[in-house]
Amino acid sequence: MAAAVPTPRRRRRPRVARPPALFLLLSSPWSAPTSLLAPSLPSARAAFSAPLASSASSSKPRDAASAAAAMSAPSPAAPSVVPPAIVYTIAGSDSGGGAGIQADLRAIHALSGGTCHGCSAITCLTAQNSRGVKGVHVPPPAFLREQLSCLEEDLVPRGAKVGMLGSEELAEEVGRWLKRLREKSSRERRAPFVVVDPVMISTSGHKLIDDGAKSALISKVFPFADLVTPNKFEAEELLGRKLATPREVEEGAREILAMGPGAVLIKGGHSLREAQGGGVEGASITNGDDDLSAEYAQDYLLASDEASDEGKPVEDRSRLCDASRGLWLRGRRHDTIHTHGTGCTLSSAIATAWAMGQRERERGDAEGGRTGSLSSMRLVDACCVAKAYVNAGISRGVGLGGGPGPVVHTGFPRSHEHFPAVVSGGTAASGPAFRPMRSYHSSSSSKSDASDVPVLGRILPIVDTVEWIERLASTSGIADVQLRFKDTSDRATILDRIRRSQKLCRSAGARLWINDHWREAVEAGGCFGVHLGQEDLCACADAGGLDAIASAGLALGISTHSYGELAAALGVKPSYVSLGPVFATTSKDVKFDPQGLETVRNWRELIPPEVPLVAIGGIGDAATAKAVREAGAECVAVIGAVTGADDVAGAVGALNDAME
């Protein structure tokens, strides 16, 4: 396909900023070399397609350095053999270019780095500029039907965003089309992921659709939506009442979910104190909270069990980032008026992020193996990525005319300043404070004076016996060691192993971390920290264990494997964040695909710089550790690289040197 559409030759131009719309007109995502698109993605194509046979067959790869290089090396400048994923926008046209299908198409291209291609079906035409809407023209429903039919017969979508449906007839038309798509889906071909942005209220608070259109939207469209994304005012219109507190937002989300969609995201771009006409009258916070919505932009996400469980790594265990639990996505609020098109951009970005994930899953399945963070992109992950994308765009917003400017379209999120945190409530300013740490490579820590902050070792050996603790605790170059065992649930046995290990570590001057058994670690006393996986983190939080760990003065490390899990970890504010498996490993049953070095780089960008990043999985020797360090990790957690070495002290020294 790419060979049939040659890339046009262009004159060399000065490196100056250009409007995003001009870029869309001049570039073709399916004809551009993939190597040009890779820098904007969380996983370059080389990381997607690198062979893993050498590391998949053994926990200690035959040539780990070669595997590491293959996961990060730039690919040849050749067209991608995987065509872009198709994403539809079914929405209105903004002649000012800041919202509607114009914003949608720019978001589809910019967020995906060209790995998604946007198609549009126009529901209405507007005459508007940055100051406001001057006129609206609604084409007949038959023409919308013709657009959708024409697109579907040739360009099959993986994702779709539905925006403004200004009449009952248009809503019914889209509802019929979505129903037909759902009926045509199969186990082999999932129906496109559908995000519905129920545009009903203007920025100034005026109704844009009548009651008939609203009723048709709810009854005909919502049942076929994977996600609906009303803002505060639109949620109030759907419910027929005000939402003045976080609790009321959560209750409202449950009622909207009962209207039929798979999930609902009530956007918090508007402060809970804002009334529809502006100001704070009629919507004051009544629960004693200091109105965090004035400081943070908080969105509330709630999903059905079925929608939340899609792609879940462990079916019968919960995570803090499971949307069926209900969760708040919290990001910093920006003091700016240049937010035109944020709602359109968010919904299309969610559809795009999900389509990027589906494209990677299909590619990986066809080629015999998935790799990279995109393969785990599901509902919560897509919402986190899209929110970060919009946050970055708002932070760069500028006025183009006499009114509010549009959100800027940047690229795939690569900054901790914009990536959201998942928190369990919309009122708590912060969770418990865990013992801070800094990396060997950092010269300071923003958590407290650097001299008071312990330095995390460059390597973190993970062992399963007290005998290994005894051997490693006294080995030169080991500052931290983790005890992880799964062979018993007997409390007395667990306590005995922890106490014996702690005594050995205290004598040798090493720090002991306990994996999963947080209750016993707190009770035994003297341990330095606890490490929790996502499922154990959720169980711990539900049991009040996070407060117990913090009160005991213990450090906390958290495993992450996806964007949603990373957001959940950041909401807890741990001592360090770990990512894995970086490469394929057989040391434990891992439910996620190998992440690759590009994901290590992306994680380091999305995690605050004062929080150390620990990489784990398939790091079998010093050469591989060096590649991981160069990608941004400050510490490597290792198992076989130490326990399987003939010369343990020599292996420890080589790993430390590699992580210098």
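Rules used in this analysis
The residue count restarts for each chain, going from 1 along the sequence in the order it is written. In keeping with the predicted nature of the model, local features appear solely for residues at pLDDT of at least 70, side-chain atom pairs appear and are counted solely at 80 or more, and the whole-chain, interface and lining totals rest on all residues. Here the side-chain values reflect all heavy atoms present in the structure, with hydrogen atoms and water set aside. Secondary structure elements are taken from DSSP: a helix is a run of H or I of four residues or more, a strand is a run of E of two residues or more, and numbering for both begins at the N terminus. A simple rule labels every residue: compare its accessible area, found with a 1.4 Å probe on the protein chains alone, to the largest value its type can have, and call it buried under 20%, exposed over 50%, or partly exposed in between. Contacts: residue pairs with any heavy atoms within 4.5 Å of one another. Each helix should span, by expectation, one fewer than its residue count multiplied by 1.5 Å. Any two of the Phe, Tyr and Trp rings considered here, Trp counted by its six-membered ring, make a pair once their centres fall within 6.5 Å; the pair's planes then place it as stacked at under 30 degrees, edge-to-face at over 60, or tilted in between. Here, a charge over a ring is recorded when the distance from Lys NZ or Arg CZ to the ring centre is within 6 Å and its angle to the ring normal is within 35 degrees. Each nonpolar core is a collection of buried residues, namely Ala, Val, Leu, Ile, Met, Phe, Trp, Tyr and Cys, held together in the definition by side-chain atoms within 4.5 Å. Under this definition, polar contacts are N or O atom pairs within 3.5 Å; protein pairs additionally need one hydrogen-donor-capable and one acceptor-capable atom, and for neighbouring residues in sequence, both atoms have to be side-chain atoms. DSSP bridges decide pairing: two strands pair if at least two such bridges lie between them. Helix axes are fitted only over the stretch in contact, all axes being lines through C-alpha atoms; the angle between N-to-C directions runs from 0 to 180 degrees. Salt bridges are defined by distance alone: a side-chain nitrogen of Lys or Arg within 4 Å of a carboxyl oxygen of Asp or Glu. Here the angle decides the label: under 35 degrees means roughly parallel, over 145 means roughly antiparallel, 65 to 115 means roughly perpendicular, and every other value means oblique. A crossing counts as left-handed when the near helix is turned anticlockwise from the far one by less than a right angle, and as right-handed when that turn is clockwise. Only Asp, Glu, Lys and Arg are considered charged in this grouping, and only Ala, Val, Leu, Ile, Met, Phe, Trp, Tyr, Cys and Pro are considered nonpolar; every other residue, Gly among them, is considered polar.

Colleague: Sorry, what's going on with the overall build of the protein here?
Modeller: Each helix and strand in the protein was counted, giving 24 helices and 20 strands. Residues classed as buried in the protein amount to 57% of the 660 residues present. Residue pairs in contact within the protein that sit at least 24 positions apart in sequence constitute 72% of those at least 6 positions apart.

Colleague: Would you mind showing me how to read helix H13 (residues 342-367) here?
Modeller: An α-helical turn contains 3.6 residues, so a residue and the one three or four places further along point in the same direction. With 26 residues, H13 should cover 38 Å at 1.5 Å per step; its first-to-last C-alpha distance of 37 Å lies within 8% of that length. Counted residue by residue, H13 has 21 buried out of 26 residues, so it is predominantly covered. Directly beyond the C-terminal end of H13, a positive phi value near 90 degrees is found at Gly368.

Colleague: Can you walk me through the packing of aromatic side chains in this structure?
Modeller: Enumeration over the complete set of coordinates arrives at eight aromatic pairs. Centre to centre, the rings of Tyr88 and Trp177 are 5.8 Å apart; their planes meet at 20 degrees, and the pair counts as stacked. Taken together, the residues span a long stretch of sequence, with Tyr88 in strand S1 (residues 85-94) and Trp177 in helix H8 (residues 168-184) at a distance of 89 residues. Across the pair, Trp177 and Tyr88 agree in class, each one buried. Grouped by ring-pair contacts, the aromatic residues Phe412, Phe419, Tyr563 and Trp603 constitute a single cluster. Residue placement shows Arg330 over the ring face of Tyr296; its charged tip is 4.8 Å from the ring centre. In this structure, Arg361 is placed above the aromatic ring of Trp354, and the distance from its NZ or CZ to the ring centre is 5.2 Å.

Colleague: What am I meant to see in the nonpolar core here?
Modeller: Grouped burial of nonpolar side chains is what soluble globular proteins tend to show. Counting residues in hydrophobic clusters, the biggest one holds 112 residues, and the most contacted among them are Leu227, Leu301, Ile350, Phe419 and Val628. Sorting elements by how many residues they give to this core places helix H14 (residues 379-395) first, with eleven residues. Counting residues in each nonpolar core, the second largest holds 45 residues, with Val221, Leu239, Tyr300 and Leu302 among its members.

Colleague: Would you explain the side chain of Lys312 in this entry?
Modeller: Position of Lys312 among the secondary structure elements: in the loop between helix H12 (305-309) and strand S9 (327-332). For Lys312, a relative accessible area of 12% translates into the label buried. From its side chain, Lys312 meets the backbone oxygen of Arg317 in a polar contact 2.9 Å long.

Colleague: Would you mind showing me how to read the sheet that holds strand S16 (residues 529-532) here?
Modeller: If you trace the eight strands once around the closed barrel, you get S13-S14-S15-S16-S17-S18-S19-S20, paired in parallel fashion. Strand-to-strand, the axes of this sheet are offset by a mean angle of 25 degrees, without reference to chain direction. By the bridge criterion, four bridges tie strand S14 (residues 480-483) to strand S15 (residues 511-515) in an arrangement that is parallel. Residue pairing across strands places Leu483 opposite Ile514, the latter belonging to S15. Sheet strands touched by helix H16 (residues 491-508): S14 and S15. Its angle to S15, the strand with the most contacts, is close to 160 degrees.

Colleague: Would you take a moment to explain the pattern of salt bridges for this structure?
Modeller: Pairing between side chains of opposite charge can happen when the charged atoms of each approach one another. With the rule as written, the count across this model stands at 35 salt bridges. One salt bridge connects Arg414 with Glu605, and the closest N-O pair in it is separated by 2.6 Å. Placement of Arg414 in the loop between H14 and strand S10 (421-423) and of Glu605 in helix H21 (residues 597-606) is noted, with a sequence separation of 191 residues between them. For Glu598, the salt bridge is made with Arg601, and the minimal N-O distance between the two is 3.1 Å. Taken together, the positions of Glu598 and Arg601, both in helix H21 and three residues apart, correspond to about one turn of that helix. You can call Arg601 partly exposed: its relative accessible area is 27%. Here the salt bridges do not stand alone but share partners, grouping Asp309, Lys312, Arg319, Asp322 and Glu565 into one network.

Colleague: Before we go on, may I ask you to explain the packing of H21 against helix H22 (residues 622-631) in this structure?
Modeller: A pair of packed helices is captured by two measures, namely the crossing angle of their axes and the spacing between those axes. Packing of H21 against H22 brings their axes to within 8 Å, and their N-to-C directions diverge by 40 degrees. One element, H21, and the other, H22, form an angle in the oblique class. For the pair H21 and H22, the sense of crossing is right-handed. Residues Leu597, Val600 and Arg601 of H21 pack against Ala627, Val628 and Ala631 of H22. The residue inventory of the contact of H21 with H22, partitioned by class, reads five nonpolar, no polar and one charged.

Colleague: Is there a simple way to think about the environment of Ile514 in this case?
Modeller: Within the secondary structure, Ile514 sits in strand S15. Spatially, the C-alpha atom of Ile514 lies 8.8 Å from that of Val481, the residues being 33 residues apart in sequence. Ignoring anything within four residues of it in the chain, the contact list for Ile514 reads Leu483, Ile498, Ala521, Cys527, Gly529, Val530 and His531.

Colleague: In this structure, what is going on with the pairing of strand S2 (residues 116-129)? I would like to understand it.
Modeller: Every other side chain in a regular strand lies on the same face of the sheet, so the side chains alternate between the two faces. In terms of strand pairing, S1 meets S2 through ten bridges, oriented parallel. Note on S2: the bridge partner recorded for Ala91 is Ile122. By the bridge criterion, five bridges tie S2 to strand S3 (residues 132-137) in an arrangement that is antiparallel. Each residue of the ladder has a partner; that of Ala127, found in S3, is Gly135. Between S2 and S3, which follow one another and run antiparallel, lie two residues.

By themselves, these figures tell us nothing about what the structure is for.
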